[in-house]
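Descriptive structure summary
Listed here are the chains, written in short residue letters.
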Amino acid sequence: MTISVHMTPVPRNAVVAYRDDGPVARGLGHLAKGQIPPLLPAIVGLVMTGVLLFLGVAREGDPAVFAPAVVLLLAGPGSSSPHSGRLDWLVPPILRVTEYGFLAAVGFAAGASPVVIYALLGALAFHHYDVVYRVRQRIYPPSWLGLAGLGWDGRMLFAALAAYAGLVQAGYVLLAVWLWGLFAWESVTSWLAAPRSAESEDLGADD
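As the structure is a prediction and not an experimental result, all values here were calculated from the model. (Residues numbered from 1 in each chain as written. Predicted model: local features only at pLDDT ≥ 70, side-chain atom pairs only at ≥ 80, totals over all residues. Heavy atoms only, no water.)

Empty space within the largest pocket amounts to approximately 320 Å³. Lining the largest pocket are 21 residues, with V16, D20, D21, R26 and Y140 positioned closest to its centre. Sorting the residues of the lining of the largest pocket by element identifies helix 1 (23–32), helix 5 (114–136) and helix 6 (143–148) as the ones contributing at least two each. When the residues that make up the lining of the largest pocket are grouped by side-chain class, the tally is 9 nonpolar, 8 polar and 4 charged. (1 Å grid on protein atoms, 1.4 Å probe; cavity = no way out; pocket = protein on both sides within 12 Å on 5 of 7 lines; lining within 4 Å. Points joined across faces, edges and corners; volume = space filled by probe spheres on them. Helix = DSSP H or I, 4+ residues; strand = E, 2+ residues; numbered from the N terminus. Nonpolar A, V, L, I, M, F, W, Y, C, P; charged D, E, K, R; others polar.)

Considering all chains together, one arrives at 5 aromatic pairs under this definition. On the numbers, 6.4 Å between centres and 15 degrees between planes, the contact of Y129 with Y133 is stacked. Taken as a pair, Y129 and Y133 lie in helix 5 at a separation of 4 residues, close to a single helical turn. (Phe/Tyr/Trp six-rings, centres within 6.5 Å; stacked < 30°, edge-to-face > 60°.)

Let us look at unusual backbone geometry. Phi at D20 is positive, roughly 65 degrees, even though this residue is not glycine. The residue D20 is located in the segment before helix 1 in this model. When its relative accessible area of 11% is taken as the criterion, D20 is described as buried. At L150, a position not held by glycine, the phi torsion is positive, near 75 degrees. Within the secondary structure, L150 is located in the loop between helix 6 and helix 7 (151–165). Overall, L150 belongs to the partly exposed group, its relative accessible area being 26%. (Buried < 20%, exposed > 50% of the residue type's maximum accessible area, 1.4 Å probe, protein only.)

A grouping of I43, V47, V51, F54 and L55 is seen on the molecular surface, where their side chains present a nonpolar patch of about 510 Å² in accessible area. By secondary structure assignment, the location of F54 is in helix 2 (residues 39–54). Judged by relative accessible area, F54 falls into the exposed class, the value being 75%. (Patch = residues over 30% accessible without salt bridge, like charges linked within 9 Å, V, L, I, M, F, W, Y side chains within 5 Å. Areas by Shrake-Rupley, 256 points an atom, 1.4 Å probe, with all protein chains shown as cover. Salt bridge = Lys/Arg side-chain N within 4 Å of Asp/Glu carboxyl O.)

Attention now moves to helix 5. Note on helix geometry: an α-helix contains 3.6 residues per turn, so any two residues three or four positions apart are oriented the same way. Relative to the 33 Å expected for 23 residues at 1.5 Å per residue, helix 5 spans 33 Å between its end C-alpha atoms, a close match to the ideal helical length. All buried positions along helix 5 are accounted for by V116, I117, L120, L121, A123, L124, H127, H128, D130, V131, R134 and V135. Elements in contact with the buried residues of helix 5: helix 4 (91–109), helix 6, helix 7 and helix 8 (168–193). (Expected span 1.5 Å × (residues − 1). Contact = heavy atoms within 4.5 Å.)

What follows concerns the environment of V132. Tracing the sequence through the fold places V132 in helix 5. According to the relative accessible area criterion, V132 is partly exposed, its value standing at 36%.

So this is what it looks like as structure tokens:
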């Protein structure tokens, strides 16, 4: 059986590949047309999210739980930026810290099972590590994967909605199962379909 997967070329600046933007962030980036620097909005989103979580907005049934996700959407317009600034490489780690922190805070505040919370975070960590390694091998995930995986923006909004509805445990289970299945399946099929030359070139470059 032959597996055939369309290989998407890696963007000129690989930093963009690490962002993991979802449909909302991509839409905002499309409107901004690359004119908004990505670093400052990401930093503001991180700081404001930390402040809001410290104030206890992660409680179930509280509409304020949407505030961190909405604030971090300030980083959305930067998704179309070429990320060519000297410190723009900081944007993806900032988005990761903010997203992981928010998901963990909402989960623990709602009394969700730690196993479920760690399973969700584990799916994200697997995906983000996979993307980093793919870029090294010159194999970039297809654009539809960010949409199917909801992106950092969609996952935060999903968690906020689950918290507002009082369904964090069920929502996190559903999201973890979906993301593990999606990311694991897409990763395995893509690596099996990847041309051997990409791996050989990378190994040769390391020698």
